[in-house]
Amino acid sequence: METDEKLIAAANAGDSEAFEALYLRYRDWVYALAMRFTGNGAQAADAVQETFLYLLKKFPGFELRCGMKSFLYPAVRHISITITRQGRRTSSDEALLAELPAPDAAEMGGSQAELAAVLETLAAEQRQVVLMRFVDDMPLADIAEALDLSLNTVKSRLYRALEALRSDSRTRRYFLD
Amino acid sequence: MNKDNEQLDALENKVAKALGEDLKALFSPAGRTPDEVDRAVLDATRKRLVRPRRHRWRLVRAGAAAMAAVVLLAVVLNVTRDHVGRMHPAATATAPADIDHNGRIDILDAYKLARRLEGPGALEARWDLNADGQVDRADVDLVAFAAVRLDGGA
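Residues numbered from 1 in each chain as written. Chains lettered and ligands numbered in written order. Predicted model: local features only at pLDDT ≥ 70, side-chain atom pairs only at ≥ 80, totals over all residues. Heavy atoms only, no water.

**What to know about the overall build of chain B**
Each helix and strand in chain B was counted, giving six helices and zero strands. In chain B, the succession of α and β elements from N to C terminus is α-α-α-α-α-α. The long-range fraction of contacts in chain B, counting pairs at least 24 apart against all pairs at least 6 apart in sequence, stands at 49%. When the accessible area of chain B is evaluated, it comes to approximately 9500 Å², of which 56% is carbon and sulfur surface. (Helix = DSSP H or I, 4+ residues; strand = E, 2+ residues; numbered from the N terminus. Contact = heavy atoms within 4.5 Å. Areas by Shrake-Rupley, 256 points an atom, 1.4 Å probe, with all protein chains shown as cover.)

**Some points on the environment of Ala 114 of chain B**
All names here are of chain B. Tracing the chain through its elements places Ala 114 in helix α5 (residues 107-118). Ala 114 sits in the buried class, given a relative accessible area of 12%. Residues Ala 114 and Asp 141, spaced 27 residues apart in sequence, show a C-alpha to C-alpha distance of 9.2 Å. When near neighbours in sequence (up to four residues on either side) are disregarded, Ala 114 contacts Arg 137 and Val 140. (Buried < 20%, exposed > 50% of the residue type's maximum accessible area, 1.4 Å probe, protein only.)

**Looking at the interface of chain B and chain A**
Contacts between the two partners involve 37 residues from chain B, matched on the other side by 49 residues from chain A. Here chain B and chain A share an interface that buries about 4100 Å² over both sides, 68% of which is from carbon and sulfur atoms. In this structure, Arg 27 of chain A and Asp 38 of chain B form a salt bridge, with 2.9 Å as the shortest nitrogen-oxygen distance. Counting every contact that joins chain B to chain A gives 13 residue pairs in polar contact (both at pLDDT 80 or more). Contributions of two or more residues to the side of chain B that touches chain A are made by α1 (2-14), α2 (17-27) and α3 (35-48) of chain B. When its residues are assigned to classes, the side of chain B that touches chain A shows 21 nonpolar, seven polar and nine charged. (Buried area = accessible area lost by both parts, 1.4 Å probe. Salt bridge = Lys/Arg side-chain N within 4 Å of Asp/Glu carboxyl O. Polar contact = N/O pair within 3.5 Å; in protein donor to acceptor, adjacent residues only side chain to side chain. Nonpolar A, V, L, I, M, F, W, Y, C, P; charged D, E, K, R; others polar.)

**Considering α3 of chain B**
The terminal C-alpha atoms of α3 of chain B lie 20 Å apart, and with 14 residues this matches the ideal 20 Å at 1.5 Å per residue to within 8%. Of the residues making up α3 of chain B, those classed as buried are Val 37, Asp 38, Val 41, Leu 42 and Thr 45 of chain B. Down the axis of α3 of chain B, the sector holding all buried residues measures 115 degrees, keeping them to one side. Along α3 of chain B, the residues that are exposed and aim more than 90 degrees away from the buried face are Arg 39 and Lys 47 of chain B. Tucked into the core, α3 of chain B has its buried residues touching α2 (16-38) and α3 (41-56) of chain A. (Expected span 1.5 Å × (residues − 1). Arc of directions from axis to C-beta.)

**Things to note about the packing of α2 of chain A against α3 of chain A**
Residue and element names in this part refer to chain A. At their nearest, the axes of α2 and α3 sit 8 Å apart, and the two run at 140 degrees to each other. Regarding the angle of α2 to α3, the classification is oblique. Crossing handedness for the pair α2 and α3: right-handed. Residues Phe 19, Leu 22, Tyr 23, Tyr 26, Arg 27, Val 30, Tyr 31, Ala 34, Met 35 and Thr 38 of α2 form the contact with α3, whose participating residues are Gly 41, Gln 43, Ala 44, Ala 45, Ala 47, Val 48, Thr 51, Phe 52, Leu 55 and Leu 56. Of the residues in the contact of α2 with α3, the class split is 15 nonpolar, four polar and one charged. (Axes fitted to C-alpha atoms, helices over the stretch in contact; angles between N-to-C directions. Parallel < 35°, antiparallel > 145°, perpendicular 65-115°, else oblique. Left-handed = near helix turned anticlockwise from the far one by under 90°.)

**A short note on the packing of helix α6 (residues 110-121) of chain A against α2 of chain B**
Closest axis-to-axis distance for the α6 of chain A/α2 of chain B pair is 10 Å, and the angle between their directions is 85 degrees. Accordingly, the angle class assigned to the pair α6 of chain A and α2 of chain B is roughly perpendicular. Contacts from Ser 111, Gln 112, Leu 115, Ala 116 and Leu 119 of chain A in α6 of chain A reach Leu 19, Asp 22, Leu 23, Ala 25, Leu 26 and Phe 27 of chain B in α2 of chain B. Per-class residue counts for the contact of α6 of chain A with α2 of chain B are eight nonpolar, two polar and one charged.

**Here we look at the nonpolar core**
Counting 66 residues, the largest nonpolar core has Phe 19, Phe 52, Leu 55, Tyr 73 and Leu 162 of chain A together with Leu 19 and Leu 23 of chain B as the members making the most contacts within it. In terms of residues, this core owes the most to one element, α2 of chain A, which gives 11 residues. For Tyr 73 of chain A, the contacting residues outside a window of four places in its chain are Trp 29, Leu 33, Phe 37, Gln 128, Met 132, Asp 136, Met 138, Ala 146 and Leu 147 of chain A. Grouped together as the second largest cluster of nonpolar side chains are 15 residues, Leu 129, Val 140, Ala 144 and Ala 146 of chain B included. (Core = buried A, V, L, I, M, F, W, Y, C linked by side-chain atoms within 4.5 Å.)

**Considerations on the side chain of Asp 128 of chain B**
All names here are of chain B. Along the polypeptide, Asp 128 turns up in the loop between α5 and α6 (137-153). What makes Asp 128 buried here is its relative accessible area of 17%. Contact partners of Asp 128, with chain neighbours within four places excluded, come to Gly 133, Gln 134, Val 135 and Asp 139.

**Let's talk about the confidence of the model for chain B**
Residue and element names in this part refer to chain B. Per-residue confidence for chain B gives a mean pLDDT of 75, with 66% of residues at or over 70. Mean pLDDT values for the elements of chain B range from 61 in helix α4 (residues 54-84) up to 93 in α3. In this model residues 83-93 is a low-confidence stretch, pLDDT under 50, and it forms 22 contacts with partners more than four residues away in sequence or in other chains. (pLDDT = per-residue confidence, 0-100.)

Now the structure itself:
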């Protein structure tokens, strides 16, 4: 499998198939992320399209200076918020993010419902870091890059979030000690 | 800060695999990216990014080489034909097909060029008669063709 860097170099040289490969590699992740931000399939689909058209416009001449997910994450977040705002009149980005749709408890098993409930008690910025770490499988440095935060801040938020999960009896079982 | 790092590392090491699995299950969308999004993005991609035209360039270069070969052959034939009446076989000191510089283009030039191709000696750029960037069997054929044509016309 070609690396992202090789595909980007080929796309910069005009190879549309290289860009298609990048799209297919990250499409579903972007869709899942957009769903997380919008909670709406149609809006998430719009966000996927807008995100990749935004990326496409950077070619030729695109330089990736971080991980691809680190590059895409803020774009998906911004585009999703913009699309959501067009449907709702909300005051700020943070207000929108704080309203991130939680998974429907009726569709989950008991343990997952409890996990979702505990997640809701976390601060939005802590929840965000937990999801980037465990759902998106992003390294801490990439999370810091994507959120434009220091690595220490990311570590601090993740530590507090995990401590909160560990100290709650409903999610204590996710820790081995 | 090292202490904080160690604390986080220690805590992450205690996280069971099930946390990630349950979080992924919670936050994975039921559907997948709609086909119409695929079409829109891929159509835009094909319009914006131009595939490298290697194959087309190859054709252009081959065409140019063929054209150059035809012109060169015509020049070789005309120059030699002009001399046919005066000296037989035709001669031109500057003809690139005159491999052995004896003032004549004949089948021996083709033979000598073929030998040079097989031997260890350096090949001269002027022997690239069809202008395809290399001196090879096709150039020998051109010399032979010119020689036969001359002999036939003599």
